[in-house]
Amino acid sequence: MIPELGHFALMLALGLALVQGIMPIVGTRSNDPVLMSIAGPAALAQFAFVAMAFTALAVSYVTSDFSVLNVYENSNTQMPLIYRLTSIWGNHEGSMMLWVSILTFFGALVAAFGTNLPVVLKANALAVQAWIAAAFELFILMTSNPFVRIPNAPFEGQDLNPILQDPGLAFHPPMLYLGYVGFSISFSFAIAALIEGRIDAAWARWVRPWVLGAWMCLTLGIAGGSYWAYYELGWGGFWFWDPVENASLMPWLAGTALLHSAVVMEKRGALKIWTILLAILTFSLSLIGTFLVRSGVLTSVHAFAVDPRRGIFILGILVVFIGGALALYAWRAPLLKQGGLFAPISREGALVFNNLFLTTACATVLVGTLYPLALEALTGAKISVGPPFFDLTFGPLFIPLMAVMPFGPLMGWKRGDLLGAAQRLLAAAMLAALATAAAFALEHGGPMMAPFGVGVAVFVMAGAVTDIAERTLVLRLPLRAALRRALGLPRSAWGTTFAHFGIGVTLMGIVGVTAWGSERIAEIKPGASLDIAHYRVTFDGTFDRAGSNYRDVVGRFTVHRLNGELIGNMQPSRRAFPDRNMATTEAALMSRGVNQLYISIGDPNKDGSVPVRLYFKPYVLMIWLGAGIMFVGGALSLSDRRLRVGAPRPAKARARGVPQPAE
Amino acid sequence: MVLWLIFAAMMAAAVFAVVWPLGHKPSLGGGSDRLVYQDQLAEIDRDRADGLIGEAEAESARIEISRRLLAAADAEAAAATPASSALWRRRVAALTAIVVVPAVALGFYLRLGSPDVPDQSAFARINNAPGHQSIDSLVSQVEAHLASNPNDGAGWEVLAPVYLRMGRADDAVAAWRKAIALNGESPARQSALGEALVAAANGVVTDEAKQAFQKSIAGDPHDAKAGYYLGLADEQDGNSAAAAAKWRALLAQAPPDAPWAGFVREALARVTAAPAADIGPKTGPETGAATDAATGPAASDVAAAASMNETQRTAMIRGMVQHLADRLHADGSDIEGWLRLVRSYAVLGDRDKAKDAAADAKRALSDHPDEIKRIDDLVKDLGLAG
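Calculation rules
Residues numbered from 1 in each chain as written. Chains lettered and ligands numbered in written order. Predicted model: local features only at pLDDT ≥ 70, side-chain atom pairs only at ≥ 80, totals over all residues. Heavy atoms only, no water. Helix = DSSP H or I, 4+ residues; strand = E, 2+ residues; numbered from the N terminus. Rg over C-alpha atoms; globule rule 2.2 N^0.38 Å. Buried < 20%, exposed > 50% of the residue type's maximum accessible area, 1.4 Å probe, protein only. Contact = heavy atoms within 4.5 Å. Salt bridge = Lys/Arg side-chain N within 4 Å of Asp/Glu carboxyl O. Core = buried A, V, L, I, M, F, W, Y, C linked by side-chain atoms within 4.5 Å. Buried area = accessible area lost by both parts, 1.4 Å probe. Polar contact = N/O pair within 3.5 Å; in protein donor to acceptor, adjacent residues only side chain to side chain. Nonpolar A, V, L, I, M, F, W, Y, C, P; charged D, E, K, R; others polar. Phe/Tyr/Trp six-rings, centres within 6.5 Å; stacked < 30°, edge-to-face > 60°. Lys NZ or Arg CZ within 6 Å of the ring centre and 35° of its normal. Domains from an automatic or database assignment. Axes fitted to C-alpha atoms, helices over the stretch in contact; angles between N-to-C directions. Parallel < 35°, antiparallel > 145°, perpendicular 65-115°, else oblique. Left-handed = near helix turned anticlockwise from the far one by under 90°. Expected span 1.5 Å × (residues − 1). Arc of directions from axis to C-beta.

S.K.: Looking at this structure, I do not really get the overall build of chain A. What am I missing?
M.R.: Of regular secondary structure, chain A possesses 22 helices and 10 strands. The C-alpha radius of gyration computed for chain A amounts to 27 Å, which stays within 12% of the reference 26 Å derived for 663 residues, consistent with globular compactness. Along the first, second and third principal axes, the C-alpha set of chain A runs to 85 × 70 × 55 Å. Among the 663 residues that make up chain A, the fraction classed as buried is 61%. In chain A, once contacts between residues fewer than 6 apart in sequence are set aside, the share between residues at least 24 apart is 74%.

What follows is the structure in structure tokens.
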């Protein structure tokens, strides 16, 4: 009965979504506040029913109710409870349920907490949100129904793909979806503004928390996915420029651009139309990401043929929503009032520069991801656009962006002082030069450019610190006064500092590990050892270990320093899952500061030797540490409910040829 | 019924959520851009007081925001057509909600729902009376367990007789061998292995089976199963006298209430008296599924076969199989016959014919999916698939 209740709840949610998508719009068109007021309760009720459906599915998973086809196909009574729960979204149907649950959850949040929103904007935005929800609820019911039943339940389920039986799956997809789907709110607000034909600086204030929240979750989701790939796939790589990864990176790039342009809009009333477009594009990229991952296009273009209905359905959703939104934009945007003016050298100008580079980088990734697919679809030729393409295109776009980033926060609104900013960044630049020199002196091997990469990373970090030091005047005032100033600063200022610092930390990690990481690949017998960096790793032998639904062949390794000091031991394993007839590699990681030793083993040979991959990963933890710092920055900014005012620098007498004051 | 009552309650709740606001005056709260700009102006004063911005900057910011504030206030005044809510519109909206929400939900549910399928959580399935549970699911449960714990001898010992009952004689043989390897030899296990071997050979006590029974009787001279089958072996070799002697000895030592006594007496009657034409050739009390009484070879044929040499015997068996095949091609509705035919071909080593027979059977039984499944299972068990 429980699965049927969930099934019916999902259908009721679809019915509610249709009502929620139509009535409030009728209300706003006819200026009828009663009809508009339906949107809120409908959104809450829709979420309640979707949550009920999701809970029903979860109950089926937890109790291993194999009369539900989806549970039978992806779960197993032998699996630990945590994986029975995570396998809800470890498959296509369940992950679409999660998608819709989060979508309606955000709708409910807007309904419940959007009390400061104008009634018309709120009604329109919730209606747009309902269209998206209706489209995906219909998609689930028509092509990806997790509530299909089997009359005679099989006794045992088929188990979850072993690669996904990992704590990472508990965390990564929900975070990623919170990010993806969170951008649906800014999309809905953008469409609502276009429908209403009115947009102003206040719009950005209303959208800001949603963009920030989505951006934070997406940041953590991407970082989590990258760490998961790093330790689970056994190759020690943290980013592969894989289309699935790119699918999450693109909304992040566009979302980051949106975050910054929304600041300009909120504080200065400028870049309005551009911000609207970015809001549309960001969510469109989320949809494209969902499409790429969920339609099966990615594994192969031909996977379309396996279940063409799914791919075509999502393609339809894409065309309707992206095409519709852009058409609406083309039609309504010219009616919107343009925002304020500013000089090219100004905070606004710096943020435009940021937007320009971020969106170009995003376009690069989009091309690199879609071009091979398009080529294969059209000509059947299989080409691989891998790291070389992205190193050549993405890198050169991102490095200047990083180098310019510290200047932005130091420049005044409306008209800035580049020379002044440069002077204040002098210390940071000197620190960066020092770091570059030190990198040249201390690290050996690696590409020539790597020390400069370190320099840029240090410049970004030091620049972020400079900004906050300038604001608190910590170097000029007594410490106590500076501390008081620091506490008085808006938390959003701290947020900027943290987020920018985090980017520097991540960049440092990426540069360090790609330039100076080392690896040894060998077959070694028990008793033999391998030297890597300043460590000696000795293989002691293997032993067997049984888990709940798998068996491990564990290799035991002892790690010493080259001078003989014992550090510890590491136990990588090969994990066999009999139900799926599959094996996974469980790498062992040992952190030394921000560096890591990484061992993964293959199946043992008959003579007792095992194939071993041994990596030394310098600075690698900084990659994810940086993402964590960015998240904290976002959280600080999100917690700051103060109004944002971009007080413009007054024009000086000598400044000639600057644009007229805004509006 | 309960299900539909809950559905009705859910529908009522959903409709209520959208109809309820229609009957209420909406709270005319909500923010506006004017409010945001007013707050921004206040914020400038705070920032100024904290010394975060200079006076000149604060002043130009105030000017800018005041401009925006004026524009927003103007727009608000211009757009302030009194909000109205026509009663007819509310009625249409309520009616639409009352119709659309249940109609969508019910429309989909009637197409996609499975109201009759009960929940079957793992807990419920395990607690179900075994009678309600298909043997297949029980077996696959044990198989899964053994796949991950192949050294569980007790598990193999449980599974083996079930295989035999299901007609999976070869699997039973393999399972008994594993049980013997893991748990050690015992008379009972040896005779059970022998019985499985007989079933796998379609009722013929092969040399291998005979060895198993001999080992059993060596360990336990009173093992009834071994005693019976060794007698049967004699009978099949044409040595009725030896068979009769063995069975008489068996009956002599039988406890008065031995359930198999009647069965042995029957067999004894068969070899001592003139064979009755209609007595089925039950080769063993537990192998009913392996050979089928109604269509099995007559006892006389078995006796005859026992006295022939290998070539003659094979020829005779082939003749009988051909006979069965002809009968089934004339009337294909006999599922047991088909199963027997397929198994016979497989035992004779004629894989192609076995496959053909399976295909013919499926064609003949095309209206009976359950029976087709039995054919498929057999084909799989015999390793004919693929």
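S.K.: Which parts of the structure should I look at to understand the pattern of salt bridges?
M.R.: Pairing is possible between side chains that carry opposite charge, provided their charged atoms lie close to one another. Per the stated rule, a full pass over the model turns up 32 salt bridges over all chains. One salt bridge in this structure joins A:Arg575 and A:Glu586, with 3.9 Å as the shortest N-O distance. Residue A:Arg575 is located in strand β6 (residues 573-577), and its partner A:Glu586 is located in strand β7 (residues 582-586); the two are separated by 11 residues in the primary sequence. Per residue, the accessibility class of A:Arg575 equals that of A:Glu586, and both read buried. Between B:Asp376 and B:Lys362 there is a salt bridge, and its shortest N-O distance comes to 2.8 Å. In this pair, B:Asp376 is assigned in helix α18 (residues 369-381) and B:Lys362 in helix α17 (residues 351-364), connecting sequence segments 14 residues apart. On the basis of relative accessibility, which here comes to 28%, the residue B:Asp376 falls in the partly exposed class.

S.K.: For this particular structure, what's the right way to read the nonpolar core?
M.R.: In summary, soluble globular proteins display a tendency toward joint burial of nonpolar side chains. Core analysis: the largest hydrophobic core is formed by 210 residues, its most contacted members being A:Trp99, A:Phe189, A:Trp203 and A:Leu253. With 18 residues, the single largest contributor to this core is helix α9 (residues 201-232) of chain A. Discounting residues that sit within four places of it in the chain, A:Phe189 has contacts with A:Val110, A:Leu117, A:Leu121, A:Ala125, A:Trp203, A:Val207 and A:Trp210. By size, the runner-up hydrophobic cluster in this structure holds 43 residues, among which are B:Leu164, B:Ala209, B:Leu250 and B:Leu251.

S.K.: Even after reading the chapter, I still don't get the interface of chain B and chain A, so can you show me in this structure?
M.R.: For interface size, the figure often reported is the accessible area lost on association. In this assembly, 76 residues from chain B lie in contact with 78 residues from chain A. Approximately 6100 Å² of surface area, both sides summed, lies buried where chain B meets chain A, with 67% of it carried by carbon and sulfur atoms. Inspection of the chain B/chain A interface yields four salt bridges. With its nearest N and O atoms 3.7 Å apart, the salt bridge here joins B:Asp119 to A:Arg149. Here chain B and chain A share 10 residue pairs in polar contact (both at pLDDT 80 or more) between them. If you list the elements that add at least two residues to the side of chain B that touches chain A, you get α1 (2-19), α2 (33-49), α3 (55-79), α4 (87-112), α5 (122-127) and α6 (135-148) of chain B. In terms of residue count, α4(B) provides more of the side of chain B that touches chain A than any other element does, 13 residues in total. Within the side of chain B that touches chain A, the residues separate by chemical class into 42 nonpolar, 21 polar and 13 charged.

S.K.: I'm lost on the environment of A:Gly634 in this one. Help?
M.R.: Residues and elements named next belong to chain A. Relative to the helices and strands, Gly634 resides in helix α22 (residues 621-639). Judged by its relative accessible area of 3%, Gly634 is buried. For the pair Gly634 and Phe283, spaced 351 residues apart in the sequence, the C-alpha separation amounts to 19 Å. Excluding residues within four positions of it along the chain, Gly634 makes contact with Leu212, Trp215 and Met216.

S.K.: Hey, could you run me through the packing of aromatic side chains in this one?
M.R.: How two aromatic rings sit relative to each other is given by the distance of their centres and the angle of their planes. Counting across every chain of the model gives 35 aromatic pairs over all chains. Taking the centre distance of 6.1 Å and the plane angle of 25 degrees together, the rings of A:Trp215 and A:Trp252 count as stacked. Taken together, the positions of A:Trp215 in helix α9 and A:Trp252 in helix α10 (residues 243-268) put the pair 37 residues apart, joining distant regions of the chain. Considered together, A:Trp215 and A:Trp252 belong to a single accessibility category, that of buried residues. One aromatic cluster is present, built from ring pairs that chain together A:Tyr227, A:Tyr230, A:Tyr231, A:Tyr598, A:Tyr615 and A:Trp624. The ring of A:Trp331 carries A:Arg332 above its face, with NZ or CZ at 5.1 Å from the centroid. Directly above the ring of B:Trp156 sits B:Lys178, whose terminal nitrogen or CZ lies 4.5 Å from the centroid.

S.K.: Explain the domain arrangement of chain A here, please?
M.R.: Taken domain by domain, chain A comprises domain 1 (1-165), domain 2 (425-516 + 621-639) and domain 3 (518-617). On a C-alpha basis, the centres of domain 1 of chain A and domain 2 of chain A stand 41 Å from each other.

S.K.: I keep staring at unusual backbone geometry and nothing clicks. Help me out?
M.R.: What you tend to see is this: most non-glycine residues have negative phi, and most peptide bonds are trans. All names here are of chain A. Of note, the phi angle at Lys414 is positive, near 70 degrees, even though the residue is not glycine. Residue placement: Lys414 occurs in the loop between α16 (407-410) and α17 (418-424). Taking the relative accessible area as the measure of exposure, Lys414 reaches 6% and is therefore buried. Even without being glycine, Ala533 reaches a positive phi, approximately 45 degrees. With respect to the helices, strands and loops of the structure, Ala533 is situated in the loop between β2 (529-532) and β3 (535-546).

S.K.: Would you mind showing me how to read the packing of helix α8 (residues 167-196) of chain A against helix α11 (residues 272-294) of chain A here?
M.R.: Two quantities define a packed helix pair, namely the angle between the helix axes and the distance between the axes. Residue and element names in this part refer to chain A. Between α8 and α11, the shortest axis-to-axis distance is 8 Å and the interhelical angle comes to 140 degrees. Here α8 lies oblique to α11, going by the angle between them. Here α8 runs over α11; the crossing is left-handed. Residues Tyr177, Tyr180, Phe183, Ser184, Ser186, Phe187, Ala190, Ile191, Ala193 and Leu194 of α8 lie in contact with α11, whose contacting residues are Ile276, Ala279, Ile280, Thr282, Phe283, Ser286, Gly289, Thr290 and Arg294. Along the lines of polarity and charge, the residues of the contact of α8 with α11 split into 12 nonpolar, six polar and one charged.

S.K.: Looking at this structure, I do not really get α18(B). What am I missing?
M.R.: For an α-helix, the turn length of 3.6 residues means that residues three or four places apart are oriented alike. All names here are of chain B. Spanning 13 residues, α18 covers 18 Å between terminal C-alpha atoms, matching the ideal 18 Å at 1.5 Å per step. Of all the residues in α18, the buried ones are Ile372, Ile375, Leu378 and Val379. Taken around the axis of α18, the buried residues stretch over an arc of 120 degrees, which confines them to a single face. When the buried face of α18 is taken as reference, the exposed residues oriented beyond 90 degrees from it are Pro369, Asp370 and Lys380. Buried residues along α18 sit against α16 (335-347) and α17. Taken from the residues just after α18, Gly383 is the one with a positive phi, measuring 70 degrees.

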